[in-house]
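Residue-level listing of the chains:
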Amino acid sequence: MAKQQPRSSQQLLVPWIYDLGVWIYSLCLDIFFREIYAAGTWRIPKQGPVIIVAAPHANQFVDSIVLIRILKRHANRRVSFLIAEKSMEEPYIGTMAACMGALPVVRAMDHVKPGEGTIYLPEPEDDPTLVRGRGTGFTNPMFMVGGTIVLPKVEKESPEQQAIAEILGPEELRLRKPFKKFKPDHPLYEGLRTGTAFKVAPHIDQSQMFDAVYRGLEAGGCIGIFPEGGSHDRPSLLPLKAGAAIIALGTLARSPDCGLSIIPCGLNYFHPHKFRSRAVVEFGPPVQVHPDQIEAFKAGGNSKPNAVGSLLQTIQEALASVTQQAPDRETLMLIQATRRLYRPLRMKLPLPVVIELNRRLLRGYTLFKHEPQVIELTKAVSAYNCQLEALGIRDHQVEWGNVKRRPWWLVFLTLLYRIGELITLSVGTLPSLALFWPVFVTARVISHKKQRQALAASELKLEGRDVVGTWKILVAMGLAPTLYTWYTVIGTLWLYYCRHDGYYCSVVPWWLTARSYVPDVVPLWAFAIFFFGLMISISFAGLRIGEIGVDVLKSLRPLLVALNPSSSAALVKLRAQRRAVAAQVVDVINTFGPELFPDFESEKLIDDGYSEEDDDGNEIYKSQLKSMPPSAAESPRRSRSRSNAREDPYGTWLKPLTIGSRDDFLGDVNTLIQDSLSERGRGQMKKADAEE
Ligand SMILES: CCCCCCCCCCCCCCCC(=O)SCCNC(=O)CCNC(=O)[C@H](O)C(C)(C)COP(=O)(O)OP(=O)(O)OC[C@H]1O[C@@H](n2cnc3c(N)ncnc32)[C@H](O)[C@@H]1OP(=O)(O)O
Ligand SMILES: O=P(O)(O)OC[C@H](O)CO
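Identification of the protein chain as Glycerol-3-phosphate 1-O-acyltransferase from Rasamsonia emersonii is taken from an unreviewed UniProt entry.

Dropping the structure here:
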């Protein structure tokens with residue numbers, strides 16, 4: 001046994017600190033994110049024991065505060081997370097985590113050490129679990145039964161690890177399971193035959209931690225667990241750790257009638273590390289535990305790992321239905337591009353629909369990527385993306401290549417208007433920039449430093465982006481109030497020392513002190529409160545105005561491209577290319593969709609969207625209305641869709657989003673679609689220009 005688990009339990013949770021934390025973090029989240037959409041929150045039980053199993057863990061401590069807020073707001077639940085003991089050593093995080101009832105766990109991977117010598121598989125075919133070493137000293141205390149042998153990291157893969165079943169001698173041991181990477185096409189194949197470096201992690205006795213969690217759940221608590229065991233920035237999930245399954249089975253073995261619910265939760269960020277990005281947090285149907293699994297867990301011996309393994313598999317599947325997992329970032333980008341092409345050019349889909357489409361496309365792509373039609377489409381989408389990059393514009397900005405709808409003079413006037421708008425907004429952000437630039441600069445510098453440190457210390461992170469959001473928020477949380485206080489003190493002292501002749505200082509501008517009307521009987525603290533409030537207002541106004549300004553700035557590029565004689569023709573061509581690739585996308589989806597989704601029908605948003613474009617190039621907008629429910633459409637004048645499209649306004653591809661869910665979720669989607677429609681109706685095009 002390597003180390004005793006420090007005792008901790010939910011009793012450590014201090015309710016008022018927890019609730020104060022929720023309030024402060026909610027404010028931070030509202031500032032950091034443009035939108036966090038929570039779906040399926042009605043699935044969270046309002047009482048009784050609950051395990052929230054959340055993945056992917058892509059935003060270090062932001063993930064936990066997002067969940068803390070949602071659980072409090074939507075289910076009035078306080079949640080205790082399992083937290084890496086290493087994180088408890090971080091000064092602020094450790095203290096807050098303890099007050100918020102987090103339960104520390106020692107992670108074996110935080111104690112991993114390079115092993116001496118090399119290892120190889122002497123009989124890989126006949127006895128694949130037998131490992132032999134050269135100069136290894138397996139009998140040293142760092143090697144222990146239940147400990148782990150970790151293979152070197154290869155490219156972007158997470159390093160493989162297997163548990164030690166038996167130590168047979170200084171140069172021989174047996175694993176519980178064979179290395180999965182022993183395959184002829186794998187870079188480690190040769191190394192595992194002839195000798196490769198390796199690392200070793202100790203076995204940790206988690207019994208005290210498990211005991212604390214069982215007791216918390218038996219008392220009706222809510223436990224949050226990130227089953228991947230650490231935060232990362234990979235496009236797919238890490239292999240799940242067994243803790244969630246052990247906790248569920250252990251609790252049910254102790255108290256079969258406690259009514260435990262295991263709720264899978266998908267944390268779907270668009271750009272987790274970026275300021276003013278968006279996220280969809282989706283709660284799936286509860287994971288069912290079969291009584292046989294509990295019995296097998298209770299029986300112990302060989303049945304126990306089987307029970308844990310099978311429940312873990314169920315949890316994995318439940319998480320797959322609420323997350324979007326791609327094998328690599330390139331595939332994810334390809335899928336996102338395809339999804340953008342699938343929806344009509346100027347249509348804005350609600351966030352949950354976007355995630356659902358991505359998920360379905362990823363499933364389809366994984367199954368059919370070797371089909372010639374899909375290979376061709378992949379090439380076409382990539383070529384289109386290259387063209388977009390060459391022009392420096394985004395997919396939704398291609399519409400500026402529609403010369404009939406947007407003649408050059410209209411583009412020019414729009415450009416002038418937006419430049420004017422940008423100048424005005426820039427002036428609006430100046431006070432905030434002048435006062436609070438240290439927050440922006442320090443947050444950037446520190447978060448990037450932390451990113452580099454985290455990357456150097458981790459085998460799992462690709463670029464360490466998962467830590468950036470946390471540090472941006474933490475730095476802003478500490479520095480912004482410090483600056484508010486600093487400026488308040490300076491302003492108040494200034495007034496105090498310049499007090500003169502029964503009035504506040506005459507050198508202070510009249511609009512601050514109103515010399516003739518504000519005698520110094522007005523207490524200084526009133527001015528201090530005023531200054532503090534003013535600082536908060538300036539910083540918030542600066543953020544809001546700055547956000548709009550950045551959107552306007554991003555919307556200028558396609559206008560410049562459309563006006564530039566050397567690139568405008570390319571933009572027109574690109575728009576035509578988009579239409580061709582989009583038609584190809586629809587075609588491929590219509591071909592393979594029915595194979596993947598039995599209730600797939602060919603009637604969808606996109607067909608009608610494109611067929612609506614008239615000779616003058618007036619496209620999409622009206623046709624979208626047709627695909628909305630009659631109540632949502634402002635004027636459903638032309639109804640060329642088949643009758644069932646009226647009943648099924650989102651098209652069959654989108655409809656299964658509501659499977660197993662309740663009407664209120666459908667209602668949410670309805671509302672969101674209507675909102676995005678009315679937003680369009682108000683002509684907020686530039687906002688859409690800058691999005692994604
Ligand atoms: C910006 C604002 C900031 C705000 C600031 C304040 C924030 C205020 C809130 C704080 C909130 C913090 C939130 C932090 C979030 C994290 O810190 S994430 C990192 C920590 N959390 C976790 O690691 C949870 C996931 N990990 C697990 O579930 C792990 O299983 C455990 C429970 C940690 C144990 O790990 P381990 O010791 O490495 O053991 P493991 O290999 O998993 O094996 C355990 C047993 O399962 C068996 N097993 C393993 N795999 C299998 C399998 N597939 N099938 C069957 N059996 C199996 C093993 O054989 C072993 O059995 P024994 O040998 O013990 O008999
Ligand atoms: O060490 P990391 O980056 O996996 O972070 C673990 C933290 O406790 C947050 O989950």
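> Could you clarify how one ought to interpret helix α12 (residues 372–391) in this entry?
Every α-helix winds through 3.6 residues per turn, so residues three or four apart in the chain are directed the same way. With 20 residues, α12 extends 29 Å between its outermost C-alpha atoms, agreeing within 8% with the 28 Å of an ideal straight helix rising 1.5 Å per residue. The complete set of buried residues in α12 reads Val374, Leu377, Thr378, Ala380, Val381, Tyr384, Leu388 and Leu391. Packing partners of the buried residues in α12 comprise α10 (329–342), α11 (351–368), α17 (556–563) and α18 (565–596). Positioned one or two residues after α12, Gly392 has a phi angle of 75 degrees, which is positive.

> I tried to follow the UniProt feature "transmembrane region" (unreviewed entry) in the protein chain on my own but got confused; where do I start?
Under the local residue numbering, the UniProt record ascribes the feature "transmembrane region" (unreviewed entry) to residues 12–33, 422–446, 467–487 and 524–545. Secondary structure content for residues 422–446 is 100% helix and 0% strand, and the end C-alpha separation is 29 Å. The distance from the first to the last C-alpha atom of residues 524–545 is 31 Å, and the span holds 100% helix and 0% strand.

> What's the story with the state of the cysteines in this structure? I'm lost.
Working definition of a disulfide: a covalent bond connecting the sulfur atoms of two cysteines. Under the counting rule described, the total for this entry stands at zero disulfides. Summary of cysteine pairing: Cys99 is not part of a disulfide, and the nearest cysteine sulfur, belonging to Cys28, is at 17 Å. The thiol of Cys222 is not disulfide-bonded; the next cysteine sulfur, from Cys265, is found 11 Å away.

> Got a minute to help me understand the site of ligand 1 in this structure?
Near ligand 1 lie 36 residues; those nearest to it are Ala84, Arg176, Gln206, Gly243 and Pro305. Here Gln206 contributes a side-chain N or O atom positioned 2.7 Å from an oxygen atom of ligand 1. Here ligand 1, which alone exposes 1400 Å², has 82% of that area covered by the protein. Secondary-structure elements contributing two or more residues to the shell around ligand 1 are α2 (60–75), β3 (79–84), α4 (91–99), α6 (207–218), α7 (243–254), α9 (303–320) and α14 (468–497).

> Is there a simple way to explain the UniProt feature "domain: Phospholipid/glycerol acyltransferase" (unreviewed entry) in the protein chain in this structure?
UniProt records the feature "domain: Phospholipid/glycerol acyltransferase" (unreviewed entry) for residues 51–270 in the present numbering. The straight-line gap between the two end C-alpha atoms of residues 51–270 is 25 Å; of that span, 27% is helix and 25% is strand.

> Sorry if this is basic, but what is going on with the sheet that holds strand β7 (residues 130–134) here?
Whenever strands of a sheet pair, they do so through backbone hydrogen bonds, lying parallel or antiparallel. Pairing within the open sheet is antiparallel, and its seven strands lie in the order β5-β11-β8-β9-β10-β7-β6. With one partner strand each, in any of the chains shown, β5 (113–114) and β6 (118–120) form the two edges of the open sheet. With three bridges joining them, β7 and strand β10 (residues 172–175) adopt antiparallel strand pairing. What sits directly across from Val131, in β10, is Leu173.

> What is the right way to look at empty space enclosed by the protein in this model?
To find leftover empty space, a probe the size of one water molecule is rolled over the atoms. If you walk through the whole model with that rule in mind, you get six cavities of 30 Å³ or more. Taken as a whole, the largest cavity spans an internal volume of roughly 250 Å³. Surrounding the largest cavity, 19 residues form its lining, Leu361, Gly364, Tyr365, Val588 and Ile589 being those nearest its centre. Counting residues per element, the ones that place at least two in the lining of the largest cavity are α10, α11, α12 and α18. Tallied by class, residues from the lining of the largest cavity come to 14 nonpolar, four polar and one charged.

> Can you help me understand the sheet that holds strand β1 (residues 33–39) in this one?
Taking strand neighbours across the sheet as the criterion, the seven strands line up as β1-β14-β13-β2-β12-β3-β4 in an open arrangement whose pairing is mixed. This sheet does not close on itself; its edge strands, each paired only once, are β1 and β4 (103–105). Put simply, the sheet's adjacent strands are angled 20 degrees from each other on average, direction ignored. Summarising the sheet, β3 and β4 pair through three bridges and their orientation is parallel. Within β4, the residue paired with Ala84 across the bridge is Val105. Those strands touched by α6 are β2 (50–55), β3, β4 and β12 (222–225), and its axis lies near 155 degrees from that of β4.

> Please clarify how the site of ligand 2 should be interpreted in this entry.
As a matter of local geometry, ligand 2 sits amid His57, Gln60, Phe61, Ala84, Lys86, Ser87, Arg107, Gly230, Ser231 and Lys461. Residue Lys461 places a side-chain N or O atom 2.6 Å away from an oxygen atom belonging to ligand 2. The protein chains hide 89% of the 300 Å² of surface that ligand 2 would expose on its own. At the level of elements, α2 and α3 (85–88) are the ones that each hand at least two residues to the shell around ligand 2. Classifying every residue of the shell around ligand 2 gives two nonpolar, five polar and three charged.

> How should I be thinking about the pairing of β3 in this particular structure?
Successive side chains on a regular strand alternate, one facing one side of the sheet and the next facing the other. With six of six residues buried, β3 is to be regarded as a mostly interior element. Side-chain alternation along β3 places Val79, Phe81 and Ile83 on one buried face and Ser80, Leu82 and Ala84 on a second face that is also buried. When β3 meets β12, the two strands line up parallel, connected through three bridges. Bridge pairing in β12 places Val79 opposite Cys222.

> Even after reading the chapter, I still don't get the packing of aromatic side chains, so can you show me in this structure?
The description of two aromatic rings rests on the distance between their centres and on the angle between their planes. This model, assessed by the stated rule, comprises 13 aromatic pairs. With a centroid separation of 6.0 Å and 65 degrees between ring planes, the pair formed by Phe32 and Phe275 is classed as edge-to-face. Highlighted residues: Phe32 in helix α1 (residues 15–32) and Phe275 in the loop between β13 (261–269) and β14 (277–283), separated in sequence by 243 residues. Looking at Phe32, the relative accessible area reads 4%, which means it is buried. For Phe275, a relative accessible area of 40% puts it in the partly exposed group. Centre to centre, the rings of Phe436 and Tyr484 are 5.5 Å apart; their planes meet at 80 degrees, and the pair counts as edge-to-face. Of this pair, Phe436 sits in helix α13 (residues 408–457) while Tyr484 sits in helix α14, and the two are 48 residues apart along the sequence. No difference in accessibility class separates Phe436 from Tyr484, as the two residues are buried. Feature note: the residues Phe32, Phe33, Tyr269 and Phe275 constitute an aromatic cluster, connected by ring pairs. The aromatic ring of Trp400 is capped on one face by Arg406, whose charged end is 4.3 Å from the ring centroid. Above the face of the Trp471 ring, Lys450 is positioned so that its terminal group lies 4.4 Å from the ring centre.

> Looking at this structure, how should I read unusual backbone geometry?
Excluding glycine, a negative phi dihedral is what most residues carry, and trans is how most peptide bonds are arranged. The step from Ala55 to Pro56 runs through a cis peptide bond, and the omega angle for that step is -10 degrees. Inspection of the secondary structure assignment puts Pro56 in the loop between β2 and α2. Residues other than glycine seldom take positive phi values, yet Asn76 does so here, at roughly 50 degrees. Examined against the element boundaries, Asn76 turns out to sit in the loop between α2 and β3. Note on Asn76: relative accessible area 54%, which makes it exposed. Not every positive phi belongs to a glycine, and Arg276 is a case in point at roughly 60 degrees. Looking at the secondary structure, you find Arg276 in the loop between β13 and β14. On the basis of relative accessibility, which here comes to 18%, the residue Arg276 falls in the buried class.

Reading the values: rules and limits
- Residues numbered from 1 in each chain as written.
- Chains lettered and ligands numbered in written order.
- Predicted model: local features only at pLDDT ≥ 70, side-chain atom pairs only at ≥ 80, totals over all residues.
- Heavy atoms only, no water.
- Helix = DSSP H or I, 4+ residues; strand = E, 2+ residues; numbered from the N terminus.
- Expected span 1.5 Å × (residues − 1).
- Buried < 20%, exposed > 50% of the residue type's maximum accessible area, 1.4 Å probe, protein only.
- Contact = heavy atoms within 4.5 Å.
- UniProt positions renumbered as here; feature names shortened; annotations may be inferred.
- Disulfide = S-S within 2.5 Å.
- Near = heavy atom within 4 Å.
- Polar contact = N/O pair within 3.5 Å; in protein donor to acceptor, adjacent residues only side chain to side chain.
- Areas by Shrake-Rupley, 256 points an atom, 1.4 Å probe, with all protein chains shown as cover.
- Pairing = 2+ DSSP bridges.
- 1 Å grid on protein atoms, 1.4 Å probe; cavity = no way out; pocket = protein on both sides within 12 Å on 5 of 7 lines; lining within 4 Å.
- Points joined across faces, edges and corners; volume = space filled by probe spheres on them.
- Nonpolar A, V, L, I, M, F, W, Y, C, P; charged D, E, K, R; others polar.
- Axes fitted to C-alpha atoms, helices over the stretch in contact; angles between N-to-C directions.
- Phe/Tyr/Trp six-rings, centres within 6.5 Å; stacked < 30°, edge-to-face > 60°.
- Lys NZ or Arg CZ within 6 Å of the ring centre and 35° of its normal.

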